[in-house]
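So the chains spell out like this:
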Amino acid sequence: LCKATGHQWIRAGTRQLSGILLGVYVRDHLGKSVGEVETCSVARGVMGVGGNKGTVGVSLTIHRRRLLFLCSHFAAHQNAVEKRNEDYSAAARELRLQGSDQAGVGPYRGEGSLLGDAHLAVWVGDFNYRVDMPYSQACEAAYAKDYAALRSRDQCLREMAKGATFVGFSEGELNFPPTYKFDKR
C-alpha cells in the first residue's frame with residue numbers, strides 16, 4: 001500500500017470471521033485523530049453460525065466523525081437471491097458494536113443504531129448477486145462492453161430498487177465487466 005500510493009499508512013482496525021477479513025487503514029498523519037475503534041460480526045454460514053458467510057465491521061472516529069466499514073460474504077448460486085437478501089437483513093438487524101446494545105442499518109435504523117450513528121458507511125464484499133441472463137448472452141454483452149444490458153438484469157440493483165437489500169445505500173457506476181465466471185478475451 002505504501003509503495004503503491006507513495007504514502008505511509010497505519011492499521012486502524014481489523015475484524016475476521018473465518019475467511020472474511022476486513023482491514024481498515026488510515027494515512028499516518030491521521031493516526032492521532034483515530035478513536036473509538038470497535039468491531040463486530042454476524043455469522044451466516046453453515047447452520048446459521050458458520051463463519052464462511054456473514055458480515056464483519058469496523059467502526060471508528062476520525063476528528064469525531066464516525067466511519068463504518070462493513071465486509072460481507074453472502075450466499076452463492078444463481079437462484080439464491082432471497083437467501084442473499086436474508087444475509088443482508090441479518091447483518092443489518094444483528095450487527096452490534098462491542099459494548100453496545102443498539103444495532104441496525106437500512107430499515108433497521110434507529111437512534112443509536114450502527115448505521116444511524118455513522119457519518120459515512122462503506123459496505124464491500126462478495127455479495128454473490130448475479131446477472132439474470134443466459135451465460136452466453138451475458139458474455140456477449142460483456143465483450144461488447146454493453147454494461148447497460150448487464151445492469152438491467154443485475155440482481156443486486158433490482159433488489160435494491162425493491163427495498164429488499166442495501167436500503168439507503170447507492171451503487172457506484174458499473175462500468176466494468178462481471179467478475180464471476182467470466183472468460184476474458
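Residues numbered from 1 in each chain as written. Predicted model: local features only at pLDDT ≥ 70, side-chain atom pairs only at ≥ 80, totals over all residues. Heavy atoms only, no water.

Turning our attention to the overall build of the protein. The secondary structure content of the protein amounts to five helices and six strands. Listing the helices and strands of the protein from first to last along the sequence gives α-β-β-β-β-β-α-β-α-α-α. Carbon together with sulfur atoms contributes 50% to the accessible area of the protein, which is approximately 10,600 Å² in total. (Helix = DSSP H or I, 4+ residues; strand = E, 2+ residues; numbered from the N terminus. Areas by Shrake-Rupley, 256 points an atom, 1.4 Å probe, with all protein chains shown as cover.)

Next up on the list: a nonpolar patch on the surface. Residues Val46, Met47 and Val49 make up a contiguous nonpolar surface patch of roughly 380 Å² in combined accessible area. Inspection of the secondary structure assignment puts Val49 in the loop between strand S3 (34-43) and strand S4 (54-62). For Val49, a relative accessible area of 64% corresponds to the exposed category. (Patch = residues over 30% accessible without salt bridge, like charges linked within 9 Å, V, L, I, M, F, W, Y side chains within 5 Å. Salt bridge = Lys/Arg side-chain N within 4 Å of Asp/Glu carboxyl O. Buried < 20%, exposed > 50% of the residue type's maximum accessible area, 1.4 Å probe, protein only.)

A few words on unusual backbone geometry. Most peptide bonds are trans, and most residues other than glycine sit at a negative phi. At Glu36, a position not held by glycine, the phi torsion is positive, near 50 degrees. With respect to the helices and strands, the residue Glu36 is situated in strand S3. Within the chain, His63 stands out as a residue other than glycine whose phi angle is a positive 50 degrees. With respect to the secondary-structure elements, His63 resides in the loop between S4 and strand S5 (65-73). For His63, a relative accessible area of 54% corresponds to the exposed category.

Worth remembering: the numbers are spatial, not functional.
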